[in-house]
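The residues making up each chain are set out below.
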Amino acid sequence: MSDPQWWQPHRHLDRRPALLARNRIQRAIRGWLDSNDFLEVDPAALAISPGNETHLHGFSTGMIGNDGVTRPMYLHTSPEFAMKKLLAAGESRIAAFAHVWRNRERGALHHPEFTMLEWYRIGQEYTVLMDDCADFLMLAAEAAGANEFRFRDAACDPFASPERISVAEAFTEHAGIDLLATIAADGTTDRDGLAALAAGADIRVADDDTWSDIFSRVLAERVEPHLGHGVATILDRYPTPEAALARRSPDDPRVSERFELYACGVELANGFGELTDPVEQRARFQADMAEKARIYGEAYPLDEDLLAALAIMPPASGIALGFDRLVMLATAAPSIEAVMWAPVPDPA
């Protein structure tokens, strides 16, 4: 997957058209952000916590103070925590093209360092972000001179309105599973109930699988392969146990204001009606870190400044989009590394 000698002149010549398209796409999106009154911000990459999701892996480092003492720090996996502090500080509509780092991730759709486009809107429903995503799909196609998005054998019309389906509807349609029957109103889950439904749909279930493990397997094996073909798909209303940073839906506490955008079967963006209750957010972070410690034998600290900022942060919606993946689809590139100016070397 990696091209260790991408810098060879003849290889760079092959890569250059997609790289120039990347620049045009970024300029087009920046123009859209500016015309829609977004302030582009530039959060620091060093953070107290890289993020507190169970299966997210950060890069650790150390900061040496003036006292000569080394204190642990991390490269952020998203600019989210810093940007939410800016919302608490008084900004109302912000965006960032941020380099982010995620460990244990490398492949056609993953890279240890990549570019994330993240933006937030104060006082607006999370559904507005879906319209933003549709605009960005069109902008990327126009800037790249593409009539369609492509990845491997999949194609998608970036000019067509995305379809919208809930996670529960997708589980019923593609796996024959009544997902919401395994979630209580307080967010607790019925692991054995979901295991039985999955087994009945011929999906492998291990004895030590949690509810979340089974959910992820059904999503990956039965649902995601059907998303974003022909037109983009918005997979909406994620189960509350799978939406640690999102508000619960006002009409059903079993699901939350979280959606993901798919094109050509590729996940492009992850959006939220942001959770601003610091007590609930702390509890969710702590639960995720306990699970991380159980699985991986490590956990990350909580960003206490973030939790304090949430107490004064106004209602907001926010979203992160994998910019390299967007460029990859718009240029029909075989991987995100093919649209990165200088990929991270592979030390193996």
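Residues numbered from 1 in each chain as written. Predicted model: local features only at pLDDT ≥ 70, side-chain atom pairs only at ≥ 80, totals over all residues. Heavy atoms only, no water.

Participant: I tried to follow the pattern of salt bridges on my own but got confused; where do I start?
Facilitator: Oppositely charged side chains can form a pair if their charged atoms are brought close together. In the structure shown here, the tally under the stated rule is 20 salt bridges. Here Arg 106 makes a salt bridge to Glu 337, at a shortest N to O gap of 3.3 Å. Placement of Arg 106 in the loop between strand S5 (93-101) and strand S6 (113-122) and of Glu 337 in the segment after helix H9 (323-331) is noted, with a sequence separation of 231 residues between them. (Salt bridge = Lys/Arg side-chain N within 4 Å of Asp/Glu carboxyl O. Helix = DSSP H or I, 4+ residues; strand = E, 2+ residues; numbered from the N terminus.)

Participant: Sorry if this is basic, but what is going on with helix H2 (residues 80-89) here?
Facilitator: Think of an α-helix as turning once every 3.6 residues; residues three or four places apart then point the same way. Listed in full, the buried residues belonging to H2 are Glu 80, Phe 81, Met 83, Lys 84, Leu 87 and Ala 88. In a view along the axis of H2, the buried residues occupy a sector of 165°, so they form one face of it. Tucked into the core, H2 has its buried residues touching S5, S6, helix H7 (278-296), helix H8 (304-310) and strand S16 (316-322). (Buried < 20%, exposed > 50% of the residue type's maximum accessible area, 1.4 Å probe, protein only. Arc of directions from axis to C-beta. Contact = heavy atoms within 4.5 Å.)

Participant: What's the story with the packing of aromatic side chains in this structure? I'm lost.
Facilitator: How two aromatic rings sit relative to each other is set out by the distance from centre to centre and by the angle between their planes. This model, assessed by the stated rule, comprises 10 aromatic pairs. Over the aromatic face of Phe 38 sits the side chain of Arg 93, whose NZ or CZ is 5.5 Å from the ring centroid. The lysine or arginine in question, Arg 258, covers the ring of Tyr 238, its NZ or CZ lying 4.0 Å from the ring centre. (Phe/Tyr/Trp six-rings, centres within 6.5 Å; stacked < 30°, edge-to-face > 60°. Lys NZ or Arg CZ within 6 Å of the ring centre and 35° of its normal.)

Participant: I keep staring at the state of the cysteines and nothing clicks. Help me out?
Facilitator: By definition, a disulfide links two cysteine residues through a covalent bond between their sulfur atoms. According to the stated counting rule, one finds zero disulfides in the structure shown. The structure places no disulfide on Cys 133, whose sulfur is separated from the nearest cysteine sulfur, that of Cys 156, by 12 Å. (Disulfide = S-S within 2.5 Å.)

Participant: So what exactly am I meant to see when it comes to the sheet that holds strand S3 (residues 59-64) here?
Facilitator: Adjacent strands of a sheet pair through backbone hydrogen bonds, lying either parallel or antiparallel. Taking strand neighbours across the sheet as the criterion, the three strands line up as S2-S4-S3 in an open arrangement whose pairing is antiparallel. Here the strands that pair on one side only, and so sit at the sheet edges, are strand S2 (46-47) and S3. Pairing between S2 and strand S4 (residues 70-75): two bridges, direction antiparallel. Within S4, the residue paired with Ala 47 across the bridge is Tyr 74. (Pairing = 2+ DSSP bridges.)

Participant: Would you mind going over the sheet that holds strand S11 (residues 233-236) with me for this structure?
Facilitator: Spatial ordering of the open sheet is given by S1-S5-S6-S16-S15-S14-S11-S9, a layout of eight strands whose pairing is mixed. Two strands bound the open sheet, and with one partner strand each, they are strand S1 (39-40) and strand S9 (163-166). Judged from the nine bridges that link them, S5 and S6 form a sheet pairing that is antiparallel. Opposite Trp 101, over in S6, you have Glu 113 as the bridge partner. The strands touched by helix H1 (residues 9-35) within the sheet are S1, S5 and S6, with S5 carrying the most contacts at an inclination of about 150°. Docked against the sheet, H9 engages S5, S6, strand S14 (258-263), strand S15 (266-273) and S16, running at close to 140° with respect to S15. (Axes fitted to C-alpha atoms, helices over the stretch in contact; angles between N-to-C directions.)

Participant: Sorry, what's going on with the packing of H1 against H9 here?
Facilitator: For any two helices packed against each other, one specifies the crossing angle of their axes together with the interaxial distance. Following both chains from N to C, one finds H1 and H9 inclined at 120°, their axes separated by 10 Å at the closest point. Our classification of the angle between H1 and H9 gives oblique. Seen along the crossing, H1 lies across H9 with a hand that is right-handed. Between H1, through Ala 18, Ala 21, Arg 22, Ile 25, Gln 26 and Ile 29, and H9, the contact on the second element is made entirely by Phe 323, Asp 324, Leu 326, Val 327, Ala 330 and Thr 331. (Parallel < 35°, antiparallel > 145°, perpendicular 65-115°, else oblique. Left-handed = near helix turned anticlockwise from the far one by under 90°.)

Participant: Please clarify how the packing of helix H3 (residues 127-144) against H9 should be interpreted in this entry.
Facilitator: Across the interface, H3 lies against H9 with an axial gap of 9 Å and an inter-helix angle of 50°. Taken together, H3 and H9 sit at an angle that is classed as oblique. Note on packing geometry: the crossing formed by H3 with H9 is right-handed. Between H3, through Phe 136, Leu 137, Ala 140 and Ala 144, and H9, the contact on the second element is made entirely by Leu 326, Ala 330 and Thr 331.

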